[in-house]
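Fold and geometry: a report
Single-letter residue listing:
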Amino acid sequence: MESTVKKWHRSLDTSGSSVGINDSSIYTFRDARYEGLAREILQNSLDEQYDKDKPVVVEFSLIEVQTEKLPDIDNFRMIFEDGLQSWENDSQQNGKRFFTNALNTLSNEKIKVLRISDFNTNGVLGSNVGHIKSAGDITPWYNLLKSDGSSSKGGTQGGSFGIGKNATFANSTLRTVFYSTYDKENVKAYEGVAKLATIFKGDKTYSPKSFYGNVKNDQSSAIDGLFNLDSNFIREEFGTDIYIIGFEDDEFWEERMIISILSDFLIPIDLGDLEVNMNGKIIDKDSLNSLYDEYIDYCRNNRKSKYANQLQSSKNYYTVL
């Protein structure tokens, strides 16, 4: 019997078809990747509020880690090397460009990682469920990591088409995300996902998705315990941690996310249902008024009138409330 090994794994693909790097469900977020990330993360966390009498708290923290400390780094690099070899003659150059940039990122001594952690949430349930035999067996964990175009949310919850979870991948130069959860049933688990392109190697074809997990019988499953790349962080309560590997940050990324939060989540913040820590900047019901003024002035002073007008409109609503 095959033993279980903790490693990066890519399944064989015998479908006879191939998938390129231009995944539309990821590229949907490219032009507004920071705004999309803020919206999807906060809505998902609000949907999973554990104690209705306490606010959901979401923390965004940008860190740098030693590239060599990424799990199973040698096999991880090999996936991208094989990807480049598979797509270097791509007539549109998109595949070659992506895998070349990814390998350049992995050649650096350090790599940027955005940790997103929520608190007072249920966590992601079902990480310990085994082989899925039918749609009725699908768990939130399976939906998050293994399925495309589907969601475990009910019709009254946001993002029920299952596309929003790709906002995390749109913000990664490696299209790679690690999920770690401590759920309300006291289960702790983690697993990594890389959403790339079909890879051809020798006479074999591999699935565009690779997973870091417990691998057995050509399948990956969640690993018991919690994942952590941030030495300053320890999870002690229910919730979920998301690590976006190779986070694409520009000089305006924090501001864009804060503007999105102030525009889209005014009501839950004002009601005390949501608090956000954006890389040290606290967004809660007590700081709303001053944050509107601060970021309206910032946008006007930096000739970002579109964002200034957006915020002014939201502040008008806030004033009415």
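Residues numbered from 1 in each chain as written. Predicted model: local features only at pLDDT ≥ 70, side-chain atom pairs only at ≥ 80, totals over all residues. Heavy atoms only, no water.

Description of the overall build of the chain
Each helix and strand in the chain was counted, giving 10 helices and 12 strands. Radius of gyration (C-alpha) of the chain: 20 Å, near the 20 Å computed for a compact globule of 321 residues. Taken across its 321 residues, the chain has 51% of its residues classed as buried. A separation of at least 24 residues holds for 72% of the contacts in the chain among residues at least 6 apart in sequence. Looking at the chain as shown, the accessible area adds up to about 15500 Å², and 44% of this sits on carbon and sulfur atoms. On the chain, the mean spot of the 36 positive side-chain charges and the mean spot of the 48 negative ones are 3 Å from each other. (Helix = DSSP H or I, 4+ residues; strand = E, 2+ residues; numbered from the N terminus. Rg over C-alpha atoms; globule rule 2.2 N^0.38 Å. Buried < 20%, exposed > 50% of the residue type's maximum accessible area, 1.4 Å probe, protein only. Contact = heavy atoms within 4.5 Å. Areas by Shrake-Rupley, 256 points an atom, 1.4 Å probe, with all protein chains shown as cover. Lys, Arg positive; Asp, Glu negative; His and termini not counted. Charge placed at Lys NZ, Arg CZ, Asp CG, Glu CD.)

Looking at the confidence of the model for the chain
In this model, the chain carries a mean pLDDT of 90, and residues with pLDDT of at least 70 account for 92%. Scored below 50 in pLDDT, residues 154–161 shows 13 contacts in the model against residues more than four places distant or in partner chains. (pLDDT = per-residue confidence, 0-100.)

Regarding the environment of Asn 301
Note on placement: Asn 301 falls in helix H9 (residues 288–301). Taking relative accessible area as the criterion, Asn 301 reaches 64% and is therefore assigned exposed. The sequence separation of Asn 301 and Trp 141 amounts to 160 residues, and the corresponding C-alpha distance is 44 Å.

Side note on the side chain of Arg 77
Looking at the secondary structure, you find Arg 77 in helix H3 (residues 73–87). Beyond its immediate sequence surroundings of up to four residues, Arg 77 is in contact with Thr 67, Glu 68, Leu 103 and Leu 106.

Observations concerning the packing of helix H2 (residues 33–47) against helix H7 (residues 253–264)
Where H2 meets H7, the axes come as close as 8 Å, and the angle between the chain directions of the two elements is 50°. With respect to H7, the element H2 is oriented oblique. H7 is crossed by H2, and the crossing has right-handed handedness. Between H2, through Arg 33, Tyr 34, Glu 35, Leu 37, Ala 38, Arg 39 and Leu 42, and H7, the contact on the second element is made entirely by Trp 253, Arg 256, Met 257, Ser 260, Ile 261 and Asp 264. Looking at side-chain class alone, the contact of H2 with H7 contains seven nonpolar, one polar and five charged residues. (Axes fitted to C-alpha atoms, helices over the stretch in contact; angles between N-to-C directions. Parallel < 35°, antiparallel > 145°, perpendicular 65-115°, else oblique. Left-handed = near helix turned anticlockwise from the far one by under 90°. Nonpolar A, V, L, I, M, F, W, Y, C, P; charged D, E, K, R; others polar.)

Section: H2
With 15 residues, H2 ought to run about 21 Å at 1.5 Å a step, and its terminal C-alpha atoms sit 21 Å apart, in line with that. Every buried residue of H2 is accounted for by Arg 33, Tyr 34, Glu 35, Gly 36, Leu 37, Ala 38, Glu 40, Ile 41, Leu 42, Ser 45, Leu 46 and Asp 47. (Expected span 1.5 Å × (residues − 1).)

Considerations on the pairing of strand E11 (residues 274–278)
Among the five residues in E11, four count as buried, and that is most of the element. With three bridges joining them, E11 and strand E12 (residues 281–283) adopt antiparallel strand pairing. In the strand pairing of E12, Val 276 is matched with Ile 283. Following E11, the chain reverses through two residues before pairing antiparallel with E12; Asn 279 in that reversal takes a positive phi of roughly 55°. (Pairing = 2+ DSSP bridges.)

What about H7?
The α-helix winds at 3.6 residues per turn, so residues separated by three or four positions along the chain end up facing the same way. Taking 1.5 Å of rise per residue, 12 residues should cover 16 Å, and H7 covers 16 Å from first to last C-alpha, within 8% of that figure. In terms of burial, H7 is a largely internal element, 10 of the 12 residues being buried. Within H7, burial applies to Trp 253, Glu 255, Arg 256, Met 257, Ile 258, Ile 259, Ser 260, Ile 261, Leu 262 and Ser 263.

Thoughts on the pattern of salt bridges
All chains considered together, the criterion is met by 13 salt bridges. A salt bridge links Arg 39 to Asp 264, with the shortest nitrogen-to-oxygen separation between them at 3.5 Å. Taken as a pair, Arg 39 in helix H2 and Asp 264 in helix H7 lie far apart in primary sequence, 225 residues in all. Take Arg 39: its relative accessible area is 35%, and that puts it in the partly exposed class. (Salt bridge = Lys/Arg side-chain N within 4 Å of Asp/Glu carboxyl O.)

Let's talk about a nonpolar patch on the surface
A cluster of nonpolar side chains, Ile 267, Leu 271 and Leu 321, forms an exposed patch at the surface whose accessible area comes to about 340 Å². Structurally, the position occupied by Leu 271 is in the loop between helix H8 (266–270) and E11. (Patch = residues over 30% accessible without salt bridge, like charges linked within 9 Å, V, L, I, M, F, W, Y side chains within 5 Å.)

Observations regarding the packing of aromatic side chains
Applying the stated criterion across every chain, the model contains 20 aromatic pairs. Ring geometry for Tyr 50 versus Phe 238: centroids 5.3 Å apart, planes at 85°, classification edge-to-face. Taken together, the positions of Tyr 50 in the loop between H2 and strand E2 (56–66) and Phe 238 in the loop between strand E9 (223–224) and strand E10 (239–247) put the pair 188 residues apart, joining distant regions of the chain. Residue classification places Tyr 50 among the partly exposed positions, given a relative accessible area of 43%. Judged by its relative accessible area of 16%, Phe 238 falls in the buried class. One aromatic cluster is present, built from ring pairs that chain together Trp 8, Phe 76, Phe 80, Phe 98, Phe 99, Phe 178, Tyr 190, Tyr 212, Phe 227 and Tyr 243. Above the ring of Tyr 182, the side-chain terminus of Lys 188 is found at 4.8 Å from the ring centroid. The side chain of Lys 306 reaches across the aromatic face of Tyr 307, ending 4.8 Å from its centre. (Phe/Tyr/Trp six-rings, centres within 6.5 Å; stacked < 30°, edge-to-face > 60°. Lys NZ or Arg CZ within 6 Å of the ring centre and 35° of its normal.)

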